[in-house]
Amino acid sequence: MNDNQDQNVSYSYKKEIGVETFVFPIIFAAFFGVFVYHMGLANTLNTMMNTAYRLLIDTVLYITAVCVIMGAVSALLSEFGFVALANRILQPLMRPIYKLPGAAALGVVTTFLSDNPAILALTDDYHFRHYFKKYEFPALTNIGTAFGMGLIVCTYMYSLSPAMGESLGTAVGVGLLGAIVGSIVSTRLMLFFTRKYFGDSAEEYHTSDAIASTPEDMRPIRHGGIGSRVISAVLDGGHSGVKMGISIIPGVLVICTIVLMLINGPSESGDYTGSAYEGILLLPRMAEKVDFIIKPLFGFSTPQAIGVPVTALGAAGAALSLTSNLVNQHLINAGDIAVFTSMCMCWSGYLSTHASMMDSLNCKDLIGKAILSHSIGGLLAGISAHWIYVLITSIF
């Protein structure tokens, strides 16, 4: 490890040989053994490697492309004052609802139109960061994830209307409202934890001397004419997107591989082949055991429906695919679509992205708090969507 890396890592110390030295290998072997028992050793190893490779090619490169494009766009918006305008206009709305600066609304828009990591492109922009205090900044992970893939989720769910035999506009709209409820809960819970961690008197999140020394009611800009500023902003923003895309590789590959192997099942033939995206169906089976609790809260019309939000923990795209299968089998109704929309959008694969996103924000110590906050927010998003839909349908 080089000196620069040592400066970014904080260490504490324990006795060289202790209890955990012997306990951890047992726990690790037991966890790994669960997969080997169901899949076999060779298939387990092959699936891990193949899944990680497919995630690298299909997911990480896509996310990197999103970060590069959104980094360029966000740099342009910052360069020509749109972020400052959004902060000024939306401050009265964002502060009372989310307890965040108005500029955070730009993160909502970018993630809604693309995916969770799009917020990273904004957070790497000096002009954007300086609106936030230290304790506010990590909460961008939660508010951004709550709206991640929102446009894709809503559009896809509505496109299932012909297969359902009815318009799903109301269900999708209720789902969007439920996701907003979940985003508020998740963000404010995260702010509760970060305020305790950083203190609410912590200085603004300055990362540049030029930003820190900016006079009041002014904003810094790049040198040159309009054309030169456009090119510089696009290239600088795209460059920051590349760095963000590279930084999320460890979190996506390691965590998402484990989550998907816990969620997914064997191949379509019913056998394990060592292919990518196979798994042992552990999380869906555990969820079925508590169906007596889940049904009153979410109103699912079939036990299989629990697989959609559980799958959304790892990947919203996979959850959408599962929804389509349930619709084709006529196992769900419009009320389920409302809950699916809400939870797929609010959670949108946060277990596989939260760790890497918080790591990119240099907030690794708060990963657990971010996941806890978003878990609660997603659950309340689904519960809210269910009961709002029940209320609307009973009235109209």
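Residues numbered from 1 in each chain as written. Predicted model: local features only at pLDDT ≥ 70, side-chain atom pairs only at ≥ 80, totals over all residues. Heavy atoms only, no water.

> Any chance you could explain the environment of S324 here in plain terms?
Within the element layout of this structure, S324 appears in helix α18 (residues 316–328). Along the backbone, S324 and A163 are 161 residues apart, and their C-alpha atoms lie at a distance of 8.9 Å. If sequence neighbours within four positions are ignored, S324 has contacts with Y156 and L160. (Helix = DSSP H or I, 4+ residues; strand = E, 2+ residues; numbered from the N terminus. Contact = heavy atoms within 4.5 Å.)

> Help me out: how do you make sense of the packing of helix α9 (residues 150–159) against helix α19 (residues 334–347) in this one?
Describing two packed helices takes the angle between their axes plus the distance from one axis to the other. Running from amino to carboxyl end, α9 crosses α19 at an angle of 165 degrees, the nearest separation of the two axes being 9 Å. Relative to α19, the element α9 lies roughly antiparallel. Between α9 and α19 the crossing geometry is right-handed. Here α9 contributes G150, V153, C154 and M157 to the contact with α19, which in turn contributes I337, F340, T341, C344 and M345. Its residues assigned to classes, the contact of α9 with α19 comprises 7 nonpolar, 2 polar and no charged. (Axes fitted to C-alpha atoms, helices over the stretch in contact; angles between N-to-C directions. Parallel < 35°, antiparallel > 145°, perpendicular 65-115°, else oblique. Left-handed = near helix turned anticlockwise from the far one by under 90°. Nonpolar A, V, L, I, M, F, W, Y, C, P; charged D, E, K, R; others polar.)

> Where do I start with the confidence of the model for the protein chain in this structure?
Detailed reading of predicted coordinates is not advised where the pLDDT is low. When pLDDT is averaged across the protein chain, the result is 83; 91% of the residues are at 70 or more. Taken as a whole, residues 1–9 scores under 50 in pLDDT and shows 3 contacts with residues more than four places along the chain or in a different chain. Note that pLDDT drops below 50 for residues 208–212; the model gives that stretch 7 contacts with residues more than four away or on any other chain. (pLDDT = per-residue confidence, 0-100.)

> Whenever I open this one, α18 confuses me. Can you help?
In an α-helix, one turn spans 3.6 residues, which is why side chains three or four residues apart end up on the same side. Under the 1.5 Å per step criterion, the end-to-end length of α18 is 19 Å for 13 residues, consistent within 8% with the ideal 18 Å. Restricting attention to buried positions, one finds in α18 the residues A316, A319, L320, T323, S324, L326 and V327. Buried residues along α18 cover an arc of 165 degrees about the axis, so they all sit on one side. Taken together, the buried residues of α18 touch α9, α10 (161–164), α17 (307–312) and α19. One or two steps after α18, the chain reaches H330, where phi turns positive at roughly 55 degrees. (Expected span 1.5 Å × (residues − 1). Buried < 20%, exposed > 50% of the residue type's maximum accessible area, 1.4 Å probe, protein only. Arc of directions from axis to C-beta.)

> Got a minute to help me understand α9 in this structure?
Listing the buried residues of α9 in full gives G150, V153, C154 and M157. All buried residues of α9 project into a common sector of 95 degrees when viewed along the axis, lining one side. The inward-facing, buried residues of α9 abut α5 (104–113), α10, α11 (169–198), α18 and α19.

> Before we go on, may I ask you to explain the packing of aromatic side chains in this structure?
The geometry of an aromatic ring pair is captured by two quantities: the separation of the ring centres and the angle between the planes. In this structure the tally under the stated criterion is 9 aromatic pairs. Plain terms: the ring middles of Y197 and F198 are 5.0 Å apart, the flat faces sit at 85 degrees to each other, and that makes the pair edge-to-face. Classification of Y197 by relative accessible area gives partly exposed; the value is 44%. Looking at F198, the relative accessible area reads 29%, which means it is partly exposed. Members of the aromatic cluster, each reached through a chain of ring pairs, are F24, F28 and F32. Across from the ring centre of F193, 5.7 Å away, lies the NZ or CZ of K369, which sits over that ring. (Phe/Tyr/Trp six-rings, centres within 6.5 Å; stacked < 30°, edge-to-face > 60°. Lys NZ or Arg CZ within 6 Å of the ring centre and 35° of its normal.)

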